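# A structural walkthrough
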Amino acid sequence: MKFLVKFLLLCLLGPAVYSQVTFDCGNAVPICSNTPINGGSTGFGIDDFAGTTSSGCLEQTTSGSIESNSAWYRFRTAASGQLGFNIGHNSSEDWDFALYQTSDCSNLGDPVRCNFFDNSEGKSFIGVGEDPTGDMDSVHYEDWLQVNAGEDYILFINNFSNVNSGFSIQFTGDIWTMNPNTALDCSIVSNLLGPPVAACENDTVVLDATTSGAIAYAWYRDDGSGFQNISGQTGATLNVSNSSVYRVQVTTPTESIISEVQVGFNAMPITGVVSDEAFCLLPGDSFDLETKDWEALGGQSAQEFMVSYHVSQVDADAGINALPKLYIKSPGQETIYIRTTSMANPNCYDASIAFLLTGVETPILTFGDQATYCEGSVGVIIGETLPNPNYSYSWSTGEQTPNITVSQDGQYTITVSHSSQGIVCESSMDINVINSRPPVIEEIEIDDLKANNTVTVHTVEDHEYEYQLNDGDFQTTNRFSDVPAGVHTVTIRDPYGCGELTEDIVVVGFPAIFSPNGDVLNESWHIEGLSELNAPIVTIYDRYGKLIAQMTEFNAGWDGNFNGKPLPSTDYWFKLSYLDNDGNRVFAKYLQSHFSLRR
């Protein structure tokens, strides 16, 4: 709150205080350097809108007029700057307002600021400028008003709910910073004692009726049963400390002057003792200061007093730079200063209490939750390698160090604690440890042989490996596409550096079944792609290991006969060998080396 609150309209003064309300624009109450006092508004006088159905945002009410329970005020600016005001009221009531830049009630024109929103949100303020509770998005507030000296304004306030306990007006804005006592023109107030006065309990208000040439002064007081003479008070001034309506009669040689003024005293809040607060803090966390309101109020009504929080005693005393209720806290301890303020009179406040707010950092775990160690190694280090000396560490293994070395598969849990100001803030993490074994090929799967084939490499371990075909790039998938027939080199490596395997594989194709039964279809069994190998030899065996046939790339295939005689329907096995680049005969690995003969 960077503006200075200057003027006040008292809400509830109790049964001994009478309202200063005028229901007609023509008798609008003038406002200048002091404050009007109001105890509520019931009904309205003449229809100042002359039967029109709307004025700015205002529309006719159930009364048949724009007015229902109205109050009219007027003021004139004496300086230039930013001007606003807060109209405080009970949160269960619905109040509206319109502000006109004019001094002519018969020609109000369109309002320069107007608000007609219902109070379904249960707000306690409407007005121009900023909601004093810090709600920057309140629909009950209109934009600041930029004024120049000498401008006349008429303010119309209306209670729409027909149930009201009064309202307060508090003028705000930067205009009061440069002109704390002269922002408004007091020449519009002709009353000798001035406009009504709002003060705080235990204050003393001095009423001054000093008049040139006066020969006698008499003071009176009306507490609700008519004016009664205040015995012994015959001076030009009167010190008052109780709410009432006061009258002075000044006698001069030529006339008798009578002037009245209403004086209201608002309750002075007392801020209760507020306990220190410490909480676990993560980056960006906020603390809800509103949770401390009940301690500060200590049983006082939240409808009558407002609690704000500040980072310095100076700010709390001045009522400026209030912290947002959801306060983004930095790590560490700081003093929060509390100001409890009367909603009716912001000059009535108590800023004598403060409390310590401590944000204890919750440990943030930045190390990984996965770890791998190689089979046969001493293990792997898991946990925090850059420990915070203010933290303590505890493992599910019972160890109390920031990190540990493990050499077994499994899940390990670490809990990191930070103790401060009597609280413990903890973070835990489950770390999964995997034993990584060197790759071992289990099977090479080749799609039906064609010019370009799909080869899938299956390993014994279901593990994350990286795969390379010939001199290509390593990849995480175990499938290679567009692989031509012939001999290829497959390399498999563990991404954690736990071993690498390089094998030559042979990409060929053969039928799983053939049927030499004279129907011209599948009459022989053969291997496709032999021509891509160097001096290939295929040997065929029965289930007992007996050599049945031998072929090269130049044979048409095996016809299912042995020494000219048909062999029975069953499974047969084969081996494929070829000469490698060094001229050595080697056998092809990982082939599905059996097939079926069916007759």
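The structure reproduced in this document is the subject of the present report. (Residues numbered from 1 in each chain as written. Predicted model: local features only at pLDDT ≥ 70, side-chain atom pairs only at ≥ 80, totals over all residues. Heavy atoms only, no water.)

### Concerning a negative patch on the surface
To keep things clear, this is the line we draw: To count toward a patch, a residue needs a relative accessible area above 30% and no salt bridge. Like charges then connect within 9 Å, nonpolar side chains (Val, Leu, Ile, Met, Phe, Trp, Tyr) within 5 Å. Working definition of accessibility: Shrake-Rupley area with a 1.4 Å probe, residue cover restricted to the visible protein chains. Definition used for salt bridges: Asp or Glu carboxyl oxygen within 4 Å of a side-chain nitrogen of Lys or Arg. This count recognises Lys and Arg as positive and Asp and Glu as negative, with His and chain-terminal groups excluded. For charged residues, the charge sits on one atom: NZ in Lys, CZ in Arg, CG in Asp, CD in Glu. Secondary structure is summarised from DSSP: a helix means a run of H or I of at least four residues, a strand means a run of E of at least two, and numbering begins at the N terminus for each. Each residue gets one of three labels from its accessible area relative to the maximum for its type: buried under 20%, exposed over 50%, partly exposed in between, using a 1.4 Å probe on protein chains only.
A cluster of like negative charges, contributed by Glu 442, Glu 443, Glu 445 and Asp 447, occupies part of the molecular surface. Along the chain, Asp 447 turns up in the loop between strand E32 (441-446) and strand E33 (453-459). What makes Asp 447 partly exposed here is its relative accessible area of 33%.

### Focus on the environment of Tyr 141
What counts, and what does not: The contact criterion used throughout is that any non-hydrogen atoms of two residues lie within 4.5 Å. By the criterion applied in these results, polar contacts are pairs of N or O atoms within 3.5 Å in which, for protein atoms, one can donate a hydrogen and the other can accept it, and in which residues neighboring in sequence qualify only through two side-chain atoms.
Within the secondary structure layout, Tyr 141 lies in strand E9 (residues 141-142). Classification of Tyr 141 as buried rests on a relative accessible area of 10%. Between the alpha carbons of Tyr 141 and Val 128 there is a distance of 5.2 Å; along the sequence they are 13 residues apart. If we ignore the near neighbours within four places in the chain, the residues touching Tyr 141 are Phe 85, Asn 86, Asn 115, Phe 125, Ile 126, Gly 127, Val 128, Gly 129, Glu 130, Asp 131 and Pro 132. Among the polar contacts made by the side chain of Tyr 141, one reaches the side chain of Asn 86 at a distance of 2.8 Å. For Tyr 141, the side chain forms a polar contact with the main-chain oxygen of Ile 126, separated by 3.5 Å.

### Quick word on the pattern of salt bridges
Counting across every chain of the model gives 12 salt bridges. A salt bridge links Asp 293 to Lys 325, with the shortest nitrogen-to-oxygen separation between them at 3.3 Å. Highlighted residues: Asp 293 in helix H2 (residues 293-297) and Lys 325 in the loop between helix H3 (313-318) and strand E23 (326-328), separated in sequence by 32 residues. We classify Asp 293 as buried; its relative accessible area is 14%. Relative accessible area serves as the criterion here: at 23%, Lys 325 is assigned to the partly exposed category. Residue Arg 493 pairs with Glu 466 through a salt bridge whose shortest N-O separation is 2.6 Å. Highlighted residues: Arg 493 in strand E36 (residues 486-493) and Glu 466 in strand E34 (residues 466-469), separated in sequence by 27 residues. The exposure class of Arg 493 is partly exposed, given its relative accessible area of 29%.

### Let's talk about the pairing of E36
Rules: A pair of strands is considered paired only if DSSP assigns at least 2 bridges between the two.
Taken together, the 4 bridges between E34 and E36 define a ladder with antiparallel strand orientation. By the bridge assignment for E36, Leu 469 is matched with Val 490. For E36 and strand E37 (residues 500-507), the ladder comprises 8 bridges, and the chain directions are antiparallel. Its bridge partner lying in E37, Val 490 is registered against Glu 503. The turn joining E36 and E37, which pair antiparallel and follow one another in sequence, is formed by 6 residues; a positive phi near 80° is taken by Gly 497.

### Focus: the side chain of Asn 435
Summarising the element assignment, Asn 435 is placed in strand E31 (residues 423-436). Looking at Asn 435, its side chain comes within polar contact range of the main-chain nitrogen of Glu 375, at 3.2 Å. Beyond its immediate sequence surroundings of up to four residues, Asn 435 is in contact with Tyr 373, Cys 374, Glu 375 and Asp 409.

### Here's the deal with the state of the cysteines
Cysteine pairs can be linked by a disulfide, which is a covalent bond between their two sulfur atoms. Going by this rule: The rule for a disulfide is simple: a pair of cysteine sulfur atoms within 2.5 Å.
Scanning the entire structure with this criterion turns up 5 disulfides. Across the disulfide, Cys 200 is cross-linked to Cys 348 (sulfur-sulfur distance 1.9 Å). On the S-S bond that ties Cys 200 to Cys 348, the torsion sits near -105°, and the link is left-handed. Of this pair, Cys 200 sits in strand E13 (residues 197-200) while Cys 348 sits in the loop between strand E24 (332-342) and strand E25 (349-361); the two residues are 148 residues apart in sequence, bridging distant segments of the chain. Cys 348 matches Cys 200 in its accessibility class, with the two residues each being buried.

### Quick word on unusual backbone geometry
It is generally the case that most residues other than glycine have a negative phi and that most peptide bonds are trans. With a phi close to 55°, Asn 470 is a non-glycine residue in the positive phi region. Position of Asn 470 relative to the elements: it lies in the loop between E34 and strand E35 (479-483). Of the residues examined, Asn 470 reaches a relative accessible area of 31% and is grouped as partly exposed. A positive phi is found at Val 520, a non-glycine position, where the angle reads about 75°. Mapping Val 520 onto the fold places it in the loop between strand E38 (513-514) and strand E39 (537-541).

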